[in-house]
Amino acid sequence: MGSHPHSSLPMPVTAAGREGLEALLRVPRRSVVALDFDGTLAEIVPDPDQARAHPGAVPAVAALAPEVASVAVITGRPAGVAVRYGGFAGVAGLEHLVVLGHYGAERWDAVTGIVHAPAEHPGVAAVRAELPGFLDAIGAWRGTWIEEKGRALAVHTRRASDPAAAFAALREPLAELAARHGLMVEPGRAVLELRPPGMDKGVALTEFLEEQGAEAVLYAGDDLGDLAAYSAVEKRRAEGLPGLLVCSGSAEVPELAARADLVLPGPGQVTAFLAGLAEAIRSAGPDAT
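Residues numbered from 1 in each chain as written. Predicted model: local features only at pLDDT ≥ 70, side-chain atom pairs only at ≥ 80, totals over all residues. Heavy atoms only, no water.

Caption draft 1: The arrangement of the pattern of salt bridges in detail. Inspection of every chain in the model, using the stated rule, returns 20 salt bridges. Arg77 serves as the salt-bridge partner of Glu147, at 3.9 Å between the closest nitrogen and oxygen. Placement of Glu147 in strand 6 (residues 145–148) and of Arg77 in the loop between strand 2 (70–74) and helix 3 (79–86) is noted, with a sequence separation of 70 residues between them. Judged by its relative accessible area of 8%, Glu147 falls in the buried class. Take Arg77: its relative accessible area is 3%, and that puts it in the buried class. Between Arg107 and Glu211 there is a salt bridge whose closest N-O contact spans 2.8 Å. One end of the pair, Arg107, is in strand 4 (residues 106–109); the other, Glu211, is in helix 6 (residues 201–212), and 104 residues separate them in sequence. (Salt bridge = Lys/Arg side-chain N within 4 Å of Asp/Glu carboxyl O. Helix = DSSP H or I, 4+ residues; strand = E, 2+ residues; numbered from the N terminus. Buried < 20%, exposed > 50% of the residue type's maximum accessible area, 1.4 Å probe, protein only.)

Caption draft 2: Summary view of helix 3. The buried count for helix 3 comes to six of eight residues, which makes it a mostly enclosed element. Where helix 3 is concerned, the buried positions are Ala79, Val81, Ala82, Val83, Tyr85 and Gly86. The first or second residue beyond helix 3 is Gly87, which carries a positive phi of 70°.

Caption draft 3: Seen up close, unusual backbone geometry. For His102, which is not glycine, the phi torsion reads 50° and is therefore positive. In this fold, His102 is placed in the loop between strand 3 (98–101) and strand 4. Note on His102: relative accessible area 5%, which makes it buried.

All quantities given are derived from atomic positions and should not be read as evidence of function.
Below is the structure:
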């Protein structure tokens, strides 16, 4: 992997990615850095309740946040859970961090410490009541388990004897169940999430970029749910906004790695990159324009 000429940062493999990195270094105070949580800032673990930010994540983000217009964590988790598992509250340097939870349906701002959220979709309550019996009736209870996400529910297959086969067998039945209650299914890494339609990471990122008046963007993710954010960045690049797409890992979600400008092996390397970006910005001095 090559290096960026201005620093020890790894070189994006695409021209668009190199342009995005140049813009981040040139106008950091007008740049937005947006990050997924699980698999990007935190390692994927068998039990999502045990997920915590990588030890280098908070120091790296706290070093970078004061150098850019804004840092946002965009996650499918409830915003408050991501804040707690990330250890983001009350950290020097993260005074203006924003966490967009449930794909943007919830928002936590460090400056207030308050989560803003709409009322729960009625379909979520209906599926919550029906899902255990539904899985039992189709013979899919063994090896799968349900994660309660507040405004969504997720069915995990990672503990099944054949996680990929269990995932494939559940995808259509869960899609039918979700549709019956006005919900949609978001596939991920050995997980199928049932949630309300109309909000995804692409919508959340686009709205946040407009709110911030961003002139450059970095987005880092690891899963199928991040494809919508990738598409949002690609659309904005076509309109003239420089952007850098980072993929955390590549083995489980090759679709994401194939579209990324820069592939890093996992959260440890992502957080090292963010720390290196903060140092590169400081070394470059004030925005040139």
